[in-house]
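The lines below spell out each chain.
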Amino acid sequence: MPIFLECQRCTACCRWPGQVRLTDPEISRLASFKELPEHDFIQRYTRLRSDRRGLSLQEKPNGECVFLDGDNCAVQPVKPQQCRDFPNLWNFPGAEKSCRAIPRELSEAEWRRRVREATGRDVELRRFC
Ligand code: SF4
Ligand code: SF4
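Model, not experiment: these values are computed from the prediction. (Residues numbered from 1 in each chain as written. Chains lettered and ligands numbered in written order. Predicted model: local features only at pLDDT ≥ 70, side-chain atom pairs only at ≥ 80, totals over all residues.)

Trainee: For this particular structure, what's the right way to read the overall build of the protein?
Mentor: What the protein contains, in helices and strands, is four helices and seven strands. Ordered by position from the N terminus, the helices and strands of the protein form the series β-β-α-α-β-β-β-β-α-β-α. Its C-alpha atoms give the protein principal-axis dimensions of about 45 × 30 × 30 Å. Residue burial in the protein is summarised as follows: out of 129 residues, 16% are buried. Across the protein, the fraction of contacts at a sequence separation of at least 24, relative to all contacts at a separation of at least 6, is 66%. (Helix = DSSP H or I, 4+ residues; strand = E, 2+ residues; numbered from the N terminus. Buried ≥ 20, exposed ≤ 12 C-beta atoms within 10 Å, placed from the backbone. Contact = placed C-beta atoms within 7 Å.)

See below:
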């Protein structure tokens, strides 16, 4: 049976080191959500990725994401796909030590429904389990 990781909104993944990569459409949606022209949004909230091949979200001095507001994501309705996809569609060894998502054993149909709900993607189970 497939395992769905049910997010507990602990926000650990918004605090650990790394880059939240942004696509051009995501930048447009985020800028619109923040009611800023794209150029201003880019100057204020993004930085060049370490591979210099695109933009990622800035971090605060303490390392957490610039959009983490207490225990909430300030851009939740338009948060980047990379954020939406974790931890069910991408993951890394040892993530479970910090991520408090609860594993739920589900039918394939229910797994697919929950993943679609969490990520907006309709994915084939066999690619990830
Ligand atoms: S955009 Fe939101 S969900 Fe993504 S890392 Fe920042 S605070 Fe977390
Ligand atoms: S670390 Fe895991 S449980 Fe915590 S907010 Fe991120 S995905 Fe959810």
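On we go from here.
Trainee: Sorry, what's going on with the site of ligand 1 here?
Mentor: Around ligand 1, the surrounding shell consists of Cys-14, Val-20, Leu-57, Cys-65, Phe-67, Leu-68, Cys-73, Val-75, Lys-79, Pro-80 and Cys-83. Residue composition of the shell around ligand 1, grouped by class: ten nonpolar, no polar and one charged. (Near = placed C-beta within 6 Å. Nonpolar A, V, L, I, M, F, W, Y, C, P; charged D, E, K, R; others polar.)

Trainee: Explanation requested: the site of ligand 2 in the structure shown.
Mentor: Surrounding ligand 2, one finds Cys-7, Gln-8, Arg-9, Cys-10, Thr-11, Ala-12, Cys-13, Phe-86, Pro-87, Cys-99, Arg-100 and Ala-101. Partitioning the shell around ligand 2 into residue classes produces eight nonpolar, two polar and two charged.

Trainee: Would you mind going over helix H1 (residues 24-33) with me for this structure?
Mentor: Because an α-helix packs 3.6 residues into every turn, residues spaced three or four apart end up facing the same way. Among the residues of H1, Glu-26, Leu-30 and Ala-31 are the ones counted as buried. Seen end-on, H1 carries its buried residues on one side only, within an arc spanning 130°. Of the exposed residues in H1, the ones pointing more than 90 degrees away from its buried face are Asp-24 and Pro-25. Here the buried face of H1 lies against strand S2 (21-22), helix H2 (38-45) and helix H3 (81-85). (Arc of directions from axis to C-beta.)

Trainee: For this particular structure, what's the right way to read the nonpolar core?
Mentor: Proteins that are soluble and globular tend to have nonpolar side chains buried together. With eleven residues, the main nonpolar core is built from Cys-13, Cys-14, Val-20, Leu-22, Leu-30, Ala-31, Tyr-45, Leu-57, Cys-65, Phe-67 and Val-75. Among residues more than four places away in sequence, those in contact with Cys-65 are Cys-14, Val-20, Leu-57 and Glu-59. In this structure, Phe-4, Leu-5, Trp-111 and Val-115 belong to the second largest nonpolar core, which totals five residues. (Core = buried A, V, L, I, M, F, W, Y, C linked by C-beta atoms within 7 Å.)

Trainee: What's the story with the sheet that holds S2 in this structure? I'm lost.
Mentor: In sheet architecture, strand pairing relies on hydrogen bonds along the backbone and comes in two forms, parallel and antiparallel. The three strands are arranged S2-S4-S3 in an open sheet whose pairing can be described as antiparallel. Looking along the sheet, the strands with just one partner apiece sit at the ends: S2 and strand S3 (46-48). Across three bridges, S3 lies against strand S4 (residues 55-57) in antiparallel orientation. Each residue of the ladder has a partner; that of Leu-48, found in S4, is Leu-55. (Pairing = 2+ DSSP bridges.)

Trainee: Explanation requested: helix H4 (residues 108-119) in the structure shown.
Mentor: For H4, spanning twelve residues, the distance from its first C-alpha to its last is 16 Å, which sits close to the expected 16 Å at 1.5 Å a residue. Just past H4, the residue Gly-120 takes up positive phi, approximately 80°. (Expected span 1.5 Å × (residues − 1).)

Trainee: What is the right way to look at the packing of H1 against H2 in this model?
Mentor: Axis angle and axis distance: for two packed helices, these are the angle between their axes and the distance between the axes, and together they describe the pair. For the pair H1 and H2, the least separation of the axes is 9 Å and the interaxial angle reads 95°. Of the possible angle classes, the one that applies to H1 and H2 is roughly perpendicular. In this structure, H1 uses Ile-27, Ser-28, Leu-30 and Ala-31 to contact H2, whose residues at the interface are Glu-38, Phe-41 and Ile-42. For the contact of H1 with H2, a count of residues per class yields five nonpolar, one polar and one charged. (Axes fitted to C-alpha atoms, helices over the stretch in contact; angles between N-to-C directions. Parallel < 35°, antiparallel > 145°, perpendicular 65-115°, else oblique.)

Trainee: Can you walk me through unusual backbone geometry in this structure?
Mentor: Among all residues except glycine, the phi angle is most often negative; among peptide bonds, the trans geometry is most common. In this structure, Pro-87 follows Phe-86 across a cis peptide bond, with omega equal to 5°. Positionally, Pro-87 belongs in the loop between H3 and strand S7 (102-105). We note that Thr-11 has phi near 70°; this positive angle belongs to a residue other than glycine. By the element assignment, Thr-11 lies in the loop between strand S1 (3-6) and S2. Owing to 18 C-beta atoms within 10 Å, Thr-11 belongs among the partly exposed residues under this scheme.

Shape is all these values report; function is a separate question.
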